[in-house]
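# Reading the structure
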Amino acid sequence: MITIQEVSKVYSLESGDFFALNNNNIHINKGEFAAIMGPSGSGKSTLLQLIGGLDQPSSGNLIVDGIQLNNLNEKERTLFRRKKVGFVFQNYQLLPMMTVSENIALSLSANKASKTEINLRVQQLLKDVNLEGKGSQFPSQLSGGQQQRVAIARALAMKPQLILADEPTGNLDQKNGEDILALLSKLNNEEQITIVMVTHDLQAAAAAGRIIVIRDGEIVNDQKKGVLGHESMASSLA
Ligand SMILES: Nc1ncnc2c1ncn2[C@@H]1O[C@H](COP(=O)(O)OP(=O)(O)OP(=O)(O)O)[C@@H](O)[C@H]1O
C-alpha cells in the first residue's frame, strides 16, 4: 500500500541544509495499522504529509496505492488526496460556518456527486460514527470527541483505502481518546482500511499493530506487535 524508498526531505536554511527526513525506507502493507512515534521535531508530521501528497520529498521514491507520487503535478496530487486518502488532524480542522453534514460532504460535493447520493452517504456516515441526528448542528455545538468523529466521517466520505491521522487523540480526554482509537481500530479490522497514525502517546500507539519510531529524521525502530504487545518498544522511546 505504501512504499517509501530512500526518501529525504531537506530544508535549505541560512545555517545550511536541514534534513527533516534522512534517507528512509518503509513498506506498509494494505490493512496495516501503523503508529509513528518519536520526539518533537523528529519528522513524524513531515513523513505523514509526504505519504498523503500534501508535500513532496526532496529525493527518493514514494508509492501509495500503486501511484508514484513523485510524478504527479499539483492537480493530480489534489485528486489523489481527495480519492485515495482520508486525513484526520489533532485540531479536527472542520469548517466552522458549515454544518456537520456539509463538512462531511465536502469532498463528495467537490467530486460532483448528486444531491441524493450525498444525502444517503452522509446519513450512513453519521450512523457509522454514532452521530445520528447531529447533521444540522455546527461544529462549535459539539464536544471535542464528537468533532473528531465528524472529521473521521469526512475522511471516510470518498471510501479511501488509507487514513492518515496526525495526533487524532491529542486534544481529547482519556475516554474520548479511547473512543476515537476504538473507531479507527474498527475501520481497520472490519474494512481493512490502512491507517498510519502519528502519536506521542504510547497508549494510543498500542492500538496499532506496528510502531515505527523516528528520531532526527531517521527511522530508528520498526516493530510489529508481538505476544508481549509493544513492551519492547519502550527503550527506543526513552
Ligand atoms: N517549512 C519548514 N522549513 C524549515 N524546517 C521545517 C519546515 N517544516 C518543518 N521543519 C522542521 O522539520 C523538522 C520535523 O518537523 P515535523 O513537523 O515533521 O516534526 P514532528 O516530529 O511532527 O514534531 P511534533 O511532534 O512537534 O509535531 C522540525 O525540526 C521542523 O522544525
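All residue numbers refer to positions counted from 1 along the written sequence of the respective chain. In view of the model being predicted, local features appear only for residues whose pLDDT reaches at least 70, and side-chain atom pairs are presented and counted only at 80 or more, with totals across whole chains, interfaces and linings using the full set of residues.

## Let's talk about the overall build of the protein chain
Filter applied, for reference: Numbering of helices and strands starts at the N terminus; helices are DSSP runs of H or I of at least 4 residues and strands are runs of E of at least 2. C-alpha atoms define the radius of gyration, and 2.2 Å times the number of residues to the power 0.38 defines the globule rule. Once C-beta atoms are placed from the backbone, each residue is buried if 20 or more other C-beta atoms lie within 10 Å of its own, exposed if 12 or fewer, and partly exposed for counts between those two. The contact criterion used here is simple: two residues whose C-beta atoms, placed from the backbone, lie within 7 Å are in contact.
Counting its secondary structure elements, the protein chain contains eight helices and 10 strands. Relative to a compact globule of 238 residues, whose C-alpha radius of gyration would be 18 Å, the protein chain shows 18 Å and is just as compact. When the backbone C-alpha atoms are referred to their principal axes, the protein chain occupies close to 50 × 45 × 35 Å. Across the 238 residues of the protein chain, 38% fall into the buried class. Here the analysis covers contacts within the protein chain between residues at least 6 apart in sequence; of these, 67% occur between residues at least 24 apart.

## Topic: the site of the ligand
Our working rule: Note on definitions: a residue is near a molecule or strand provided its C-beta atom, placed from the backbone, lies within 6 Å of it. Throughout this entry, Asp, Glu, Lys and Arg are counted as charged residues, while Ala, Val, Leu, Ile, Met, Phe, Trp, Tyr, Cys and Pro are counted as nonpolar. The remaining residues, Gly among them, count as polar.
Taken together, Tyr-11, Phe-18, Ala-20, Gly-38, Ser-40, Gly-41, Ser-42, Gly-43, Lys-44, Ser-45 and Thr-46 make up the full set of residues adjacent to the ligand. Class assignment of the residues belonging to the shell around the ligand gives a composition of three nonpolar, seven polar and one charged.

## Details of the confidence of the model for the protein chain
What counts, and what does not: Within a predicted model, pLDDT stands for the predictor's per-residue confidence, ranging from 0 to 100.
On average, residues of the protein chain score 93 in pLDDT, and 95% of them are at 70 or above. Reported for the predicted complex are a pTM of 0.92 and an ipTM of 0.96.

## A word on helix H1 (residues 44-51)
For H1, the tally of buried residues reaches six of eight residues, placing the bulk of the element in the interior. For H1, the full list of buried residues reads Lys-44, Thr-46, Leu-47, Leu-48, Leu-50 and Ile-51.

## Things to note about the sheet that holds strand S10 (residues 218-224)
For clarity, the cut-off: One requirement defines pairing of two strands: DSSP has to find at least two bridges between them. Lines fitted to C-alpha atoms define the axes here, with helix axes fitted over just the stretch in contact, and angles between the N-to-C directions of these axes take values from 0 to 180 degrees.
Spatially, six strands are ordered S6-S7-S8-S3-S9-S10 in an open sheet, and the strand pairing comes out mixed. Since the sheet does not close on itself, it has two edges, and those belong to strand S6 (85-89) and S10, each with one partner. For this sheet the average axis-to-axis angle between neighbouring strands, irrespective of direction, equals 15 degrees. In terms of strand pairing, strand S3 (residues 33-37) meets strand S9 (residues 210-215) through four bridges, oriented parallel. Within S9, the residue paired with Ala-34 across the bridge is Arg-210. Helix H5 (residues 144-156) rests against S6 and strand S7 (162-166) of the sheet, and its axis sits at about 165 degrees to S6.

## Observations concerning the packing of helix H3 (residues 100-110) against helix H4 (residues 115-128)
For clarity, the threshold we go by: These descriptions rest on fixed angle ranges, namely under 35 degrees for roughly parallel, over 145 for roughly antiparallel, 65 to 115 for roughly perpendicular, and the rest for oblique. Crossing handedness is read from the near helix: turned anticlockwise from the far helix by less than a right angle, it gives a left-handed crossing, and turned clockwise, a right-handed one.
Where H3 contacts H4, the two axes come as close as 10 Å, and the packing angle between them is 130 degrees. Taken together, the axes of H3 and H4 lie oblique to each other. Both H3 and H4 take part in a crossing whose hand is right-handed. Within the contact between the two elements, H3 uses Ser-101, Ile-104, Ala-105, Leu-108 and Ser-109 and H4 uses Ile-118, Arg-121, Val-122 and Leu-125.

## Digging into the packing of H5 against helix H6 (residues 174-191)
The description of two packed helices rests on the angle between their axes and on the distance between the axes. Contact pair H5 / H6: the axes reach a minimum separation of 9 Å and the direction vectors enclose 20 degrees. As the angle between them shows, H5 and H6 are arranged roughly parallel. The hand of the H5/H6 crossing is right-handed. Between H5 and H6, the residues in contact are Gly-144, Gly-145, Gln-148, Arg-149 and Ile-152 and Asn-176, Asp-179, Ile-180 and Leu-183, respectively. Its residues assigned to classes, the contact of H5 with H6 comprises three nonpolar, four polar and two charged.

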